[in-house]
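Each chain, letter by letter, is given below.
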Amino acid sequence: MSIEFTATVLGSARIGPNRELKKAVESYWAGTLDAAALESVARTLRENTWRELVAAGLDSVPVNTFSYYDHVLDTAVMLGALPERVQGIGSELDRYFAAARGNETVAPLEMTKWFDTNYHYLVPEISPATTFSLHPEKVLAELEEARALDVPARPVVVGPVTFLLLSKAVGGSAPLLDRLDEILPLYAELLTTLADAGAEWVQIDEPALVADRTQSEIDCAKRAYDFLSAVSTRPAILLASYFGDLGAALPVLASTGIEGLSIDLTVPGTVEHVAVVPALASKHIVAGVVDGRNIWRTDLDRALATLASLMGSAGTLAVSSSCSLLHVPYTLDGETDIVDPLRSWLAFGAEKVAEVTVLARALRDGTESVSSELDQARAALESRRTDPRLHDAAIRARLEAGVSVDRTPAEERRRAQAVRLDLPSLPTTTIGSYPQTTQIRLARAALRTGQIDETEYVSRMQSEIADVVALQEKIGLDVLVHGEPERNDMVQYFAEQLSGFAATSNGWVQSYGSRCVRPPILYGDVSRPKPMTVNWSEYAQSLTGKPVKGMLTGPVTILAWSFVRDDRPLAESAAQIALAIRDETIDLEEAGIRIVQVDEPALRELLPLRSKDTAAYLEWAVRSFKISTSGVSDDTQIHTHLCYSEFGEIIDAIVDLDADVTSIEAARSHMEVLDDLNSVGFDLGVGPGVYDIHSPRVPSVDEITESLRAALKAVPAERLWVNPDCGLKTRGAAEVERSLRNMVQAAAALR
Ligand SMILES: CN1c2c(nc(N)[nH]c2=O)NC[C@@H]1CNc1ccc(C(=O)N[C@@H](CCC(=O)N[C@@H](CCC(=O)N[C@@H](CCC(=O)O)C(=O)O)C(=O)O)C(=O)O)cc1
Ligand SMILES: N[C@@H](CCS)C(=O)O
Ligand SMILES: [Zn+2]
């Protein structure tokens, strides 16, 4: 019989409290750190993480949650499912990184959103030729490492159903769940191996089961867990669900022989569902009452009430975070700029672990044993509820009075803009950012530490802008950008200037691979004290006769990449942010900017996991974009930019945005998006990305010409724009110049 644990989290951050892993991995890629030194950094990070979790009082600690790049890629490695094209690469580590990032000769795996979070995983490719085989070395090594330190380790793996549902079938593969029977024996073998290595529990993550699933997919999940629970020598199985409600899959999973199930209790409705599944009475329920993906301090009284209501329905109960702590920063320690009362409202990773242990103690020893923690939580909650910054009467009045989102019909706008802009056919442009060089980042760091003053910083950024404008003129682009050097991040930059948001100084969260973001905290009503981008755009425009695009981030994306309020609907915050962006577009127009781009790369990302919630989301998302963009005159051209997603499900919403020009990621999906747009009658300007900016490879003129020819089959030349897939901030200066020259040459030849 397994020993039930009482306090855990479903996973932890791995990039390092000071981004140690990011720095080590990037040094390894640059050739300045060897593999042994990289492994030593990794081992220290793992050990520190485990020791902290044990010291905080967890009695079951997730392991194998470390990753050099991505845990889905790790699962592909574990199942012997790396694509053929990387197999020839000698070292295991380099093979792994080649699959993740590509190199001069090998294309990387595609990257996409991990459910509705801002984490991105690599999409495994499964072809008819893929022969799965088990490679448990990583999970075994981490288990052994942890056990050697006396850590009560619980290995975590991505489950077979989620793995196949998240993978991509290539080369004419049948639906991937048809391959379930090929990988189930490998998972069975893994379970036995882990049990032999001393694991009492294994956590198998199946978040894909909280989204809409067909009956046959749910049947597959049943088959998988009937099969795995029948393995004779194995650890107890904790099936982990998170990010949503299991719905119809809940009773099905409960009917299998698994011992434990984690439930995301931050999702409305899940508590009630647990109560009506009798089979859960024999299971260990891991109650995700501490929100693992937002940063608000937990309402401990409410969490205790939730736990109490589960008592009758669960066999045994453990307290947990709702999901892995991968999605929140490490700790509030060191966030000296975040002061009370805001600070008292927050809990980052370490503080959440402490909340889990307080709740577990309350269950074990009674609430009196944690009375002072409960009092502190109550006081913080009350101070948050009554803070005046949460309610700005002026903003609310403005929205209640109604904002017109009507624009003149697109054809009339097009005519007005053609006169004002006088662009050639197939106009060339870029998406906004140019390389964020070390020089730029160091200037910002120097401003932060007071080594340089604001005047010096502005002059350095202006010099970067001047260089970028000169470069674009030299290359011959038609619509220029200022290059966004002043932006630490396309969301944080705006949040730092809007009232109602707080920024962190070290609240790093992994976005993909070694890339991190510091999501701002939206805690109050939003307003714009003063223009945010006008000076930079105006300066760039003063250097050239060509049009310079103003560059803004849209309200949905600002919300998607922030920690959002949990006391008000997202739709309301979106409308407030939209008003601020609207005012900015009007100020840009007044400053002589003729084109304004409002980026919404996260439009698809916030799409709810359940289709019943889709229409309501798209309605407020589109409306907030239109609030942002409908304040300008007909001859000011509105662009938007969408990336990082499959757009099929939101294609109608893209039409509804009514942006004069939409630049959209297409290089990796081979222009299919244009056919999708045509199928819903989209007839505005469109710039399907003609090359993939995620890889350092420089596309040849021929390749780009081919992309453009493919685009011209779907879109008439009058509507077609020529641009890369996304911003260039992560690329090197030399490759950017060569790529853009080739792009401009391809467009010129086609004209
Ligand atoms: C477009 N994407 C974005 C998402 N989310 C966002 N919030 N922002 C995005 O742009 N989600 C989807 C995608 C994900 N893609 C990316 C792409 C690139 C990055 C990235 O490059 N992140 C940077 C950090 C950016 C930043 O905040 N920079 C700051 C601080 C820089 C820094 O580390 N400074 C050093 C000193 C200087 C030095 O040594 O270089 C320091 O403070 O120690 C800034 O520019 O001021 C990254 O490095 O990971 C993220 C998501
Ligand atoms: N304007 C932004 C969009 C990224 S999605 C950029 O160019 O980086
Ligand atoms: Zn983009």
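Cut-offs applied
Residues numbered from 1 in each chain as written. Chains lettered and ligands numbered in written order. Predicted model: local features only at pLDDT ≥ 70, side-chain atom pairs only at ≥ 80, totals over all residues. Heavy atoms only, no water. UniProt positions renumbered as here; feature names shortened; annotations may be inferred. Helix = DSSP H or I, 4+ residues; strand = E, 2+ residues; numbered from the N terminus. Rg over C-alpha atoms; globule rule 2.2 N^0.38 Å. Buried < 20%, exposed > 50% of the residue type's maximum accessible area, 1.4 Å probe, protein only. Contact = heavy atoms within 4.5 Å. Areas by Shrake-Rupley, 256 points an atom, 1.4 Å probe, with all protein chains shown as cover. Lys, Arg positive; Asp, Glu negative; His and termini not counted. Charge placed at Lys NZ, Arg CZ, Asp CG, Glu CD. Pairing = 2+ DSSP bridges. Axes fitted to C-alpha atoms, helices over the stretch in contact; angles between N-to-C directions. Core = buried A, V, L, I, M, F, W, Y, C linked by side-chain atoms within 4.5 Å. Near = heavy atom within 4 Å. Polar contact = N/O pair within 3.5 Å; in protein donor to acceptor, adjacent residues only side chain to side chain. Domains from an automatic or database assignment. Donors = N, O, S within 2.8 Å, 3.2 Å for Na, K, Ca; no water. Tetrahedral: all angles 85-135°; square planar, octahedral: opposite > 155°, others 65-115°. Left-handed = near helix turned anticlockwise from the far one by under 90°. Nonpolar A, V, L, I, M, F, W, Y, C, P; charged D, E, K, R; others polar. Expected span 1.5 Å × (residues − 1). Buried area = accessible area lost by both parts, 1.4 Å probe. Salt bridge = Lys/Arg side-chain N within 4 Å of Asp/Glu carboxyl O.

- The name an unreviewed UniProt entry assigns to the chain is 5-methyltetrahydropteroyltriglutamate--homocysteine methyltransferase, from the organism Rhodococcoides yunnanense.
- Heading Pathway (unreviewed entry) of the UniProt record for the chain holds this comment: "Amino-acid biosynthesis; L-methionine biosynthesis via de novo pathway; L-methionine from L-homocysteine (MetE route): step 1/1."

## Considering the overall build of the chain
Piece 1. Of regular secondary structure, the chain possesses 26 helices and 20 strands.
Piece 2. A compact globule built from 751 residues would reach a C-alpha radius of gyration of about 27 Å, and the chain, at 26 Å, matches this within 12%.
Piece 3. By its C-alpha atoms, the chain is 75 × 60 × 50 Å across when sized along the principal axes.
Piece 4. Residues classed as buried in the chain amount to 60% of the 751 residues present.
Piece 5. Once local pairs closer than 6 in sequence are excluded, the contacts in the chain between residues at least 24 apart make up 78%.
Piece 6. Counting every atom, the chain has about 28,100 Å² of accessible surface; 51% of that belongs to carbon and sulfur.
Piece 7. Charge separation in the chain, taken as the distance between the mean sites of 70 positive and 106 negative side-chain charges, equals 2 Å.

## Some remarks on the UniProt feature "domain: Cobalamin-independent methionine synthase MetE N-terminal" (unreviewed entry) in the chain
Piece 1. Mapped onto this structure's residue numbering, the UniProt feature "domain: Cobalamin-independent methionine synthase MetE N-terminal" (unreviewed entry) falls at residues 7–311.
Piece 2. Its end C-alpha atoms 15 Å apart, residues 7–311 is made of 41% helix and 13% strand.

## Some words on the sheet that holds strand 5 (residues 153–158)
Piece 1. With respect to topology, seven strands assemble into an open sheet ordered 1-5-7-8-9-10-11, the strand pairing being parallel. Only two strands of the sheet have a single partner each, and these edge strands are strand 1 (61–63) and strand 11 (316–321). Strand-to-strand, the axes of this sheet are offset by a mean angle of 30°, without reference to chain direction.
Piece 2. Direction of pairing for strand 5 relative to strand 7 (residues 201–205): parallel, over a ladder of three bridges. Each bridged residue has a counterpart across the sheet, and for Val-158 the counterpart in strand 7 is Asp-205.

## A few points about the nonpolar core
Piece 1. One finds Tyr-68 and Phe-163 to be the most contacted residues of the largest nonpolar core, which totals 240 residues.
Piece 2. Per element, the largest residue contribution to this core is nine residues, and it comes from helix 7 (residues 180–196).
Piece 3. With residues near it in sequence (within four places) discarded, Tyr-68 still touches Leu-21, Val-25, Leu-38, Glu-39, Ala-42, Leu-93, Tyr-96 and Phe-97.

## Here we look at the site of ligand 2
Piece 1. Around ligand 2, the surrounding shell consists of Ile-431, Gly-432, Ser-433, Glu-484, Met-490, Met-551, Asp-599, Pro-601, His-641, Cys-643, Cys-726 and Gly-727.
Piece 2. Gly-432 places a polar main-chain atom, nitrogen or oxygen, 3.5 Å from an oxygen atom of ligand 2.
Piece 3. A distance of 2.7 Å separates a nitrogen atom of ligand 2 from a polar side-chain atom of Asp-599.
Piece 4. Contact with the protein chains covers 99% of the free accessible surface of ligand 2, which is 280 Å².

## Digging into the site of ligand 1
Piece 1. Around ligand 1, 25 residues are found, and the nearest of them are Lys-22, Arg-444, Asp-489, Cys-516 and Lys-729.
Piece 2. Contacts to ligand 1 include Lys-22, whose side-chain N or O atom sits 2.6 Å from an oxygen atom.
Piece 3. The side chain of Arg-441 places a nitrogen or oxygen atom 2.9 Å from an oxygen atom of ligand 1.
Piece 4. When isolated, ligand 1 has an accessible area of 990 Å², and the protein chains bury 86% of it.
Piece 5. Of all the secondary-structure elements, those providing two or more residues to the shell around ligand 1 are helix 16 (438–448), strand 13 (509–512) and strand 14 (515–517).
Piece 6. The leading source of residues in the shell around ligand 1 is helix 16, at four residues.
Piece 7. Residues from two domains meet in the shell around ligand 1; each of domain 1 (20–386) and domain 2 (415–489 + 534–750) gives at least three.

## So, the coordination of the zinc ion (ligand 3)
Piece 1. At 2.1 to 2.3 Å from the zinc ion (ligand 3) lie its protein donor atoms, namely His-641 (NE2), Cys-643 (SG) and Cys-726 (SG).
Piece 2. Geometry at the zinc ion (ligand 3) is tetrahedral, judged from its four donor atoms and the angles of 100 to 122° they form at the metal.
Piece 3. Sequence spacing of the donors to the zinc ion (ligand 3): H-x1-C-x82-C.
Piece 4. The class for His-641 is buried, based on a relative accessible area of 3%.

## So, the UniProt feature "binding site: L-homocysteine" (unreviewed entry) in the chain
Piece 1. UniProt records the feature "binding site: L-homocysteine" (unreviewed entry) for Ile-431, Gly-432, Ser-433, Glu-484 and Asp-599 in the present numbering. Their sequence span is 169 residues, while the largest C-alpha to C-alpha distance among them is just 12.9 Å; these annotated residues converge on one region.
Piece 2. Tracing the backbone through its elements, the reader meets Gly-432 in the loop between helix 15 (410–421) and helix 16.
Piece 3. Those residues in contact with Gly-432 that lie beyond four places of it in its chain are Val-481, Gly-483, Glu-484 and Met-551.
Piece 4. With respect to the helices and strands, Asp-599 occurs in strand 17 (residues 595–599).

## Side note on the packing of helix 17 (residues 454–475) against helix 26 (residues 733–750)
Piece 1. Interaxial distance between helix 17 and helix 26 falls to 10 Å at its minimum, and their mutual angle equals 40°. The two elements helix 17 and helix 26 cross, and the hand of that crossing is right-handed. For the pair helix 17 and helix 26, the contacting residues are Leu-471, Lys-474 and Ile-475 in the first and Glu-737, Leu-740, Arg-741 and Val-744 in the second.
Piece 2. In terms of residue class, the contact of helix 17 with helix 26 is built from four nonpolar, no polar and three charged.

## Points about helix 2 (residues 35–56)
Piece 1. With 22 residues, helix 2 should reach 32 Å at 1.5 Å per residue; the first-to-last C-alpha distance of 32 Å fits that figure.
Piece 2. Residues of helix 2 that are buried make contact with helix 1 (20–30), strand 1, helix 4 (92–101), helix 5 (137–148) and helix 12 (349–365).
Piece 3. Put simply, Asp-34 is the residue that caps the front of helix 2, since its side-chain oxygen is 3.2 Å from the backbone nitrogen of Ala-36.
Piece 4. With its phi angle positive at about 115°, Gly-57 sits one or two positions after the end of helix 2.

## Re the sheet that holds strand 16 (residues 549–553)
In sheet architecture, strand pairing relies on hydrogen bonds along the backbone and comes in two forms, parallel and antiparallel.
Piece 1. Pairing in this open sheet of five strands is parallel, and the strands run 16-17-18-19-20 from one edge to the other. On the outer flanks of this sheet lie strand 16 and strand 20 (685–688), each paired with one strand and no other. Between one strand axis and the next, the sheet turns by 20° as a mean value, whatever way the strands run.

## Regarding the domain arrangement of the chain
Piece 1. Entries for the chain in the domain assignment read domain 1 (20–386) and domain 2 (415–489 + 534–750).
Piece 2. For domain 1 and domain 2, the distance between their C-alpha centroids amounts to 34 Å.
Piece 3. Each side of the interface is counted separately: domain 1 has 30 residues, and domain 2 has 16 residues.
Piece 4. Summed over both sides, the interface of domain 1 with domain 2 buries roughly 1,900 Å², with 49% coming from carbon and sulfur.
Piece 5. Looking at the side of domain 1 facing domain 2, the largest losses of area belong to Lys-113, Asp-116 and Asp-212, adding up to 24% of the total buried there.
Piece 6. Put simply, Lys-113 and Glu-605 hold a salt bridge, and the shortest N to O gap is 2.5 Å.
Piece 7. Applying the counting criterion to the domain 1 and domain 2 interface returns ten residue pairs in polar contact (both at pLDDT 80 or more).
Piece 8. It is strand 2 (residues 111–113) that provides the largest number of residues to the side of domain 1 that touches domain 2, a total of three residues.
Piece 9. Residues belonging to the side of domain 1 that touches domain 2 are distributed by class as follows: twelve nonpolar, eight polar and ten charged.

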